[in-house]
Amino acid sequence: MPFDERLAEWMQQPSRQHNGAVKKTATVFRNLADPGTLIIAGGLYISGLVDHNATMTDVGFHSGEAIVASSVVGWAIKSVAGRARPRVDIHRPHDFKLGRGFGAAGDYQSFPSGHTLAAFSLAAAVTAESGERWPEHQALIGVLTYGGAMLSGLSRMYNNAHWASDVLLGAGIGTLTGRVVVRWQHGHPDNWLDRTFNHGMATPAGHGEMLIGWHGTW
């Protein structure tokens, strides 16, 4: 937090804000975080059902779990903390007000960064899953996924939507949630969530439609 104001001002300097390549890159990684993370997790899950690929279904479902769980935690903290975004006043990084985030406009839901926690949830879950299944590739997968998540967080600072400490907390929540979800799921392989949602099917129904069903037990 002591560096929030300085970093926010550095990000908003005209030389960076008027750089077309930087602006386009920030847009790509902002969209990668939201809605991209849910699209990726959902795509893996549905593709796994269609191809009867249990590994792909597992990775997609657990990634989606991590994103949803971390987003709920993030929303609760945002609402309670009521922190103003840097676009409200870049010189007031300590503008918190208890409970102001509940029902308020997004300008007072800065802490933590939702885009960042979603991106790091996906990165942590996919990397943890790779350690369970393809340990020889875990380092490379981790570099790619965490690198993308980090750039997603920086894009939120570039857009003047979050302070550096918002991004840091979002990264921490996302990483912890992703790792915990995967560890718990693999430690409890017969849990009702996996029995229900990882034993489904998806098949074309004609006219561009798809039929999805589950046959798990509660």
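In the block above lies the structure referred to throughout.
What you are looking at is a predicted structure, and each value in this text was computed from that prediction instead of being measured. (Residues numbered from 1 in each chain as written. Predicted model: local features only at pLDDT ≥ 70, side-chain atom pairs only at ≥ 80, totals over all residues. Heavy atoms only, no water.)

Caption draft 1: Main features of the side chain of glutamine 109. Within the secondary structure, glutamine 109 sits in the loop between helix 5 (54–81) and helix 6 (114–133). According to the relative accessible area criterion, glutamine 109 is buried, its value standing at 16%. Separated by 2.7 Å, the side chain of glutamine 109 and the backbone oxygen of glycine 101 make a polar contact. (Helix = DSSP H or I, 4+ residues; strand = E, 2+ residues; numbered from the N terminus. Buried < 20%, exposed > 50% of the residue type's maximum accessible area, 1.4 Å probe, protein only. Polar contact = N/O pair within 3.5 Å; in protein donor to acceptor, adjacent residues only side chain to side chain.)

Caption draft 2: Geometry of a nonpolar patch on the surface. On the surface, a nonpolar cluster with roughly 460 Å² of combined accessible area is contributed by Trp75, Val80, Leu98 and Phe102. Note that leucine 98 resides in the loop between helix 5 and helix 6. A relative accessible area of 75% means that leucine 98 is categorised as exposed. (Patch = residues over 30% accessible without salt bridge, like charges linked within 9 Å, V, L, I, M, F, W, Y side chains within 5 Å. Areas by Shrake-Rupley, 256 points an atom, 1.4 Å probe, with all protein chains shown as cover. Salt bridge = Lys/Arg side-chain N within 4 Å of Asp/Glu carboxyl O.)

Caption draft 3: Summary view of empty space enclosed by the protein. In the structure shown here, the tally under the stated rule is one cavity of 30 Å³ or more. The space that makes up the largest cavity amounts to roughly 30 Å³. Together, Ala8, Pro86, Met157, Asn160, His162, Trp163 and Ala164 line the largest cavity. By residue class, the composition of the lining of the largest cavity is five nonpolar, two polar and no charged. (1 Å grid on protein atoms, 1.4 Å probe; cavity = no way out; pocket = protein on both sides within 12 Å on 5 of 7 lines; lining within 4 Å. Points joined across faces, edges and corners; volume = space filled by probe spheres on them. Nonpolar A, V, L, I, M, F, W, Y, C, P; charged D, E, K, R; others polar.)

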